[in-house]
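The chain contents come next:
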Amino acid sequence: MTAAVGKIDFKDGRSLRSGFIWHAQQTPERPALVVGATTLTYGAMDRTARIWAKAIVDRLPRRAERVGVFAYRSQIAYQGTLAALYAGAAYVPLNRTFPVDRTISMAQDGRLDAIIVDAASLPQLQEVLSALNPCPMILLPDADIWDSPASTSVVTRRDLETTAPLGILPPVLQDDLAYLLFTSGSTGKPKGVGVTHSNILYFLEIMQRRFGIVPGDRFSQTFAQTFDVSVWDLFMAWEHGASVYAMRQIDLLAPTKYINQHQLTVWFSVPSVVAFMRRKNYLRPQSMPTLRYSLFAGEPLPRRSAELWLEAAPNSSVENLYGPTELTIVCVGHRWDPATSPALCLHEFVPMGQLFEGLCGIVVGPDGTILADDQEGEFYVAGPQTVPGYWKNDEQTADRFVQMLMSETQAKRFYKTGDRVVRRTDGTYLYLGRVDHQLKVRGYRVELSEIEGLLCRDLAVDCAVAVGWPFIDGRAEGIVAFVAGKDVDIQRLKGAAQKALPPYMVPNEIHVLEDMPLNANGKIDRLVLAERLAAA
Amino acid sequence: MGRSQELDELIAVTLKVPQSTVTDALSFGDHAAWDSLTHIKLIEAIEQAYGVTISDEEMLELSNVQAIREFVGKVNGE
């Protein structure tokens, strides 16, 4: 695999904000964002971002490096993201639906120069600030007064009303960070991942070659901004003059109405949205005709979800996208084809697909050697989407980002994904599970996703998770499965498992859950399931 | 009144909140307890208790206690 294509020219000083600025100049009247009943145009958002950026730039003795956006699904959340970039800073999303301690840890690690806060997050602000030293300046665009606890600079709505827009924006270099996000670390403490302008611009360019976004496109915005796929929602749209539709949490349970009402053309969500709709029979054939792309990422996409969604949105291309934050949003994709895709499915899941052009992927065995096609191993990716490393964490960076010798003269820097994959000879990657989800049960190697795939074949099952249990001396003695669905027949499931799986893979117990516990990003929370077993 | 009492109890039990907090104004997202997952549970509990099928559009409307009370009132032919 060589990285021959995809060189992107940064000589014109482009950065993540450039697309928005260009469209604000060319077509200021076009809609950029719809939140609830409010539509904001490119021109209006550009002006506001320049005012907020001016307020930040004027009050800081140095350039703003990182600006927190403590706002959730509000106008200020989106406007604040832009304003941070306009001020020449990386944006750092904070989320009031997270525990305050987590927000504090993120704000401390991020060493923020300023925080933009919406009204709904304001009640948590005092507690967050009391843990920060020095205290960043605070921007409160929808509050007139606030009793500042610390001797920090506070900018309120009134101050902003008399602030002039910033004319010339502080320059941004391609290796500067565009955003800093925190992913859950295995230690329980969130790890910062800084993504550069160069990383994200490469990604946006590759995505445009694949999708050909036009100004008339209308994007769903389903992901929380603390989840990096949200960057696609905003900046893939704004890069090309399209508009973003910020959905309420409740609309995600049954998005058909919202999609039709706003005639969305691009849908992007976690697969669990489809699982909810399947469970309630809300996915009706032909019910979402305006969609031209239906994208899913965040966890494996069950084959039946892809099939049913395609029936519901028949004019759309259904795509499964894969990628960790460390590889800039997504880096592998599969376009579902009802004729050819079913044969490629493994364990009833849609394949991860082909690596994006210009990236280099290898599959590595336990001894560190690069494996040939059709062999199972850990997935490593090098190239322009591989981020510089973890934020202020050299130890973790050295652990996960490694140099590999590709020939006698050439080394590349890879990110170790921790995902187990196999690459077919046609270049299609298939997902096997997390490296740490592969277990040895009584000495046998067990792929948990194989058990999950089998359970999902049962029509009553929407979702299945298998875990090793119990553990004795750190080794799994057996398998326990959790399934979510309606009218699940456990005996039937056990029978199917016994027929298809070797005895050591057959779950000793199958628990039916009303719903799977999800983490903050809407992915199944395996830790919670393991904790339930431990507590029982 | 009996019926409404029963509904309040169902809402309180499903959301795991004290029954005294079940007022017309209580809405989806107000409370950490009323999130996407509990909303689905609540809708399914209402379907079961009152023998109705709630469509996707209705489910989105039933995002506060007032709307749920009115809906159940109609189901009961009040």
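Residues numbered from 1 in each chain as written. Chains lettered and ligands numbered in written order. Predicted model: local features only at pLDDT ≥ 70, side-chain atom pairs only at ≥ 80, totals over all residues. Heavy atoms only, no water.

Participant: Please provide a residue-by-residue account of the overall build of chain B, values included.
Facilitator: When you go through chain B residue by residue, the secondary structure sums to four helices and zero strands. Across chain B, helices and strands are ordered from the amino to the carboxyl terminus as α-α-α-α. A globule of 78 residues ought to have a C-alpha radius of gyration of about 12 Å, and chain B, at 11 Å, matches this closely. Residues counted as buried form 50% of the 78 residues belonging to chain B. Summarising the internal contacts of chain B: among those between residues at least 6 apart in sequence, 53% fall at separations of at least 24. Accessible surface computed for chain B: about 4,000 Å², of which carbon and sulfur atoms make up 50%. In chain B, which carries 5 positive and 14 negative side-chain charges, the distance between the mean positions of the two groups comes to 5 Å. (Helix = DSSP H or I, 4+ residues; strand = E, 2+ residues; numbered from the N terminus. Rg over C-alpha atoms; globule rule 2.2 N^0.38 Å. Buried < 20%, exposed > 50% of the residue type's maximum accessible area, 1.4 Å probe, protein only. Contact = heavy atoms within 4.5 Å. Areas by Shrake-Rupley, 256 points an atom, 1.4 Å probe, with all protein chains shown as cover. Lys, Arg positive; Asp, Glu negative; His and termini not counted. Charge placed at Lys NZ, Arg CZ, Asp CG, Glu CD.)

Participant: Tell me about the pattern of salt bridges, and please be specific about residues and values.
Facilitator: Overall, the coordinates contain 27 salt bridges over all chains when judged by the stated rule. One salt bridge connects R292 of chain A with D217 of chain A, and the closest N-O pair in it is separated by 2.7 Å. With R292 of chain A in the loop between helix 10 (272-279) and strand 13 (293-296) and D217 of chain A in the loop between helix 7 (197-211) and strand 10 (218-221), this residue pair connects regions lying 75 residues apart in the sequence. Judged by relative accessible area, R292 of chain A falls into the partly exposed class, the value being 28%. Taking the relative accessible area as the measure of exposure, D217 of chain A reaches 1% and is therefore buried. Here R69 of chain B makes a salt bridge to D24 of chain B, at a shortest N to O gap of 2.7 Å. Of this pair, R69 of chain B sits in helix 4 (residues 65-75) while D24 of chain B sits in the loop between helix 1 (2-15) and helix 2 (36-50), and the two are 45 residues apart along the sequence. Given the relative accessible area of 35%, D24 of chain B is considered partly exposed. (Salt bridge = Lys/Arg side-chain N within 4 Å of Asp/Glu carboxyl O.)

Participant: Pulling in residues and values, what's your account of the nonpolar core?
Facilitator: Residues and elements named next belong to chain A. Among the nonpolar cores identified, the biggest contains 153 residues, and I56, Y179, I200, W232, F235, W238 and W309 are the most heavily contacted of them. Apart from residues lying up to four places away in sequence, I56 is in contact with A64, V67, A87, A114, I116, M137 and L139. Of all hydrophobic cores here, the second largest spans 25 residues; its members include A90, L94, V117 and L122. (Core = buried A, V, L, I, M, F, W, Y, C linked by side-chain atoms within 4.5 Å.)

Participant: How would you explain the side chain of S269 of chain A if you had to name every residue and give the values?
Facilitator: Residues and elements named next belong to chain A. Take S269: it is sitting in strand 12 (residues 266-269). A polar atom in the side chain of S269 sits 3.0 Å from the side chain of W267. Apart from residues lying up to four places away in sequence, S269 is in contact with T222, F223, L295, F296 and A297. (Polar contact = N/O pair within 3.5 Å; in protein donor to acceptor, adjacent residues only side chain to side chain.)

Participant: Can you lay out the domain arrangement of chain A for me, pointing to particular residues and giving the numbers?
Facilitator: Residue and element names in this part refer to chain A. In terms of domain boundaries, chain A breaks down into domain 1 (24-172), domain 2 (199-355), domain 3 (360-432) and domain 4 (442-535). For the pair domain 1 and domain 2, the summed buried surface comes to about 1,700 Å²; carbon and sulfur atoms form 53% of the total. Sorting the residues of domain 1 by area buried against domain 2 places V34, R73 and Y78 first, and these three jointly supply 35% of that buried surface. Taken together, domain 1 and domain 2 are joined by zero salt bridges. At the junction of domain 1 with domain 2, the criterion picks out 12 residue pairs in polar contact (both at pLDDT 80 or more). (Domains from an automatic or database assignment. Buried area = accessible area lost by both parts, 1.4 Å probe.)

Participant: Could you give me a rundown of the interface of chain A and chain B, with the residues and numbers involved?
Facilitator: At the interface, 16 residues of chain A touch 17 residues of chain B. Here chain A packs against chain B, burying approximately 1,600 Å² in sum over the two surfaces, 62% of which is carbon and sulfur. Put simply, chain A and chain B have five salt bridges between them. Salt-bridge contacts for E44 of chain B lead to K280 of chain A; the nearest nitrogen and oxygen are separated by 3.9 Å. On the surface where chain A and chain B come into contact, there are five residue pairs in polar contact (both at pLDDT 80 or more). Looking at the side of chain A that touches chain B, the elements with two or more residues in it are helix 9 (256-261) and helix 10 of chain A. Partitioned by chemical class, the residues of the side of chain A that touches chain B number six nonpolar, two polar and eight charged. (Nonpolar A, V, L, I, M, F, W, Y, C, P; charged D, E, K, R; others polar.)

Participant: Tell me what's going on with the packing of aromatic side chains, and back it up with residues and numbers.
Facilitator: Residues and elements named next belong to chain A. Summed over the entire model, instances satisfying the criterion amount to 18 aromatic pairs over all chains. For the ring pair F20 and W238, a centre distance of 5.0 Å and an interplane angle of 80° mean the geometry is edge-to-face. In this pair, F20 is assigned in helix 1 (residues 18-26) and W238 in helix 8 (residues 230-239), connecting sequence segments 218 residues apart. Seen from their ring centres, W232 and F268 are 5.8 Å apart, and the 80° between their planes marks the pair as edge-to-face. Of this pair, W232 sits in helix 8 while F268 sits in strand 12, placing them 36 residues apart in sequence. Pair check on accessibility: W232 and F268 agree, each one buried. An aromatic cluster is defined as three or more aromatic residues linked by ring pairs; in this entry it consists of F211, F219, F223, F227, W232, F268 and Y293. The positively charged end of R102 is found above the aromatic ring belonging to F98, 5.4 Å away from the centroid. Positioned above the aromatic ring of W391, the side-chain terminus of K392 is 4.7 Å from the ring centre. (Phe/Tyr/Trp six-rings, centres within 6.5 Å; stacked < 30°, edge-to-face > 60°. Lys NZ or Arg CZ within 6 Å of the ring centre and 35° of its normal.)

Participant: Give a detailed account of unusual backbone geometry, specifying residues and quantitative values.
Facilitator: Peptide bonds are, in most cases, trans, and in most cases residues other than glycine have a negative phi. Residue and element names in this part refer to chain A. That bond from N133 to P134 is cis: its omega, 0°, falls within 30 degrees of zero. Cis rather than trans, the peptide bond between W469 and P470 has omega equal to -10°. Mapping P470 onto the fold places it in the loop between strand 24 (461-468) and strand 25 (471-472). A positive phi angle, near 45°, is found at R111, a position not held by glycine. Mapped onto the elements of the fold, R111 is located in the loop between helix 4 (100-110) and strand 5 (114-117).

Participant: Give a description of the packing of helix 4 of chain A against helix 5 (residues 122-130) of chain A that names residues and reports values.
Facilitator: Residues and elements named next belong to chain A. One can describe the packing of helix 4 onto helix 5 by two numbers: an axis separation of 10 Å at closest approach and a directional angle of 55°. The angle between helix 4 and helix 5 falls in the class oblique. Here helix 4 runs over helix 5; the crossing is right-handed. Listed contacts from helix 5 to V100, T103, I104 and A107 of helix 4 are Q124, E127 and V128. Split by residue class, the contact of helix 4 with helix 5 holds four nonpolar, two polar and one charged. (Axes fitted to C-alpha atoms, helices over the stretch in contact; angles between N-to-C directions. Parallel < 35°, antiparallel > 145°, perpendicular 65-115°, else oblique. Left-handed = near helix turned anticlockwise from the far one by under 90°.)

Participant: Quick one: what's the story with the environment of G365 of chain A, residue by residue and with numbers?
Facilitator: Along the chain, the position of G365 of chain A falls in the loop between strand 17 (360-364) and strand 18 (376-382). The spacing of G365 of chain A and E378 of chain A is 13 residues in sequence and 6.5 Å in space, taken between C-alpha atoms.

Participant: Help me get a handle on the confidence of the model for chain A, residues and values and all.
Facilitator: Averaged over all residues, the pLDDT of chain A equals 91, while 96% of them reach at least 70. Taken as a whole, residues 1-7 of chain A scores under 50 in pLDDT and shows 12 contacts with residues more than four places along the chain or in a different chain. (pLDDT = per-residue confidence, 0-100.)

Participant: Go over the sheet that holds strand 24 of chain A, please, and point to the residues and values.
Facilitator: Working definition: the strands of a sheet are paired by backbone hydrogen bonds and lie parallel or antiparallel to each other. Residue and element names in this part refer to chain A. Strand order in this open sheet of three strands is 24-27-28, and the pairing throughout is mixed. A single partner strand is all that each edge strand has here, and the edge strands are strand 24 and strand 28 (509-513). For this sheet, the mean inter-axis angle between neighbouring strands, taken without regard to orientation, is 20°. (Pairing = 2+ DSSP bridges.)

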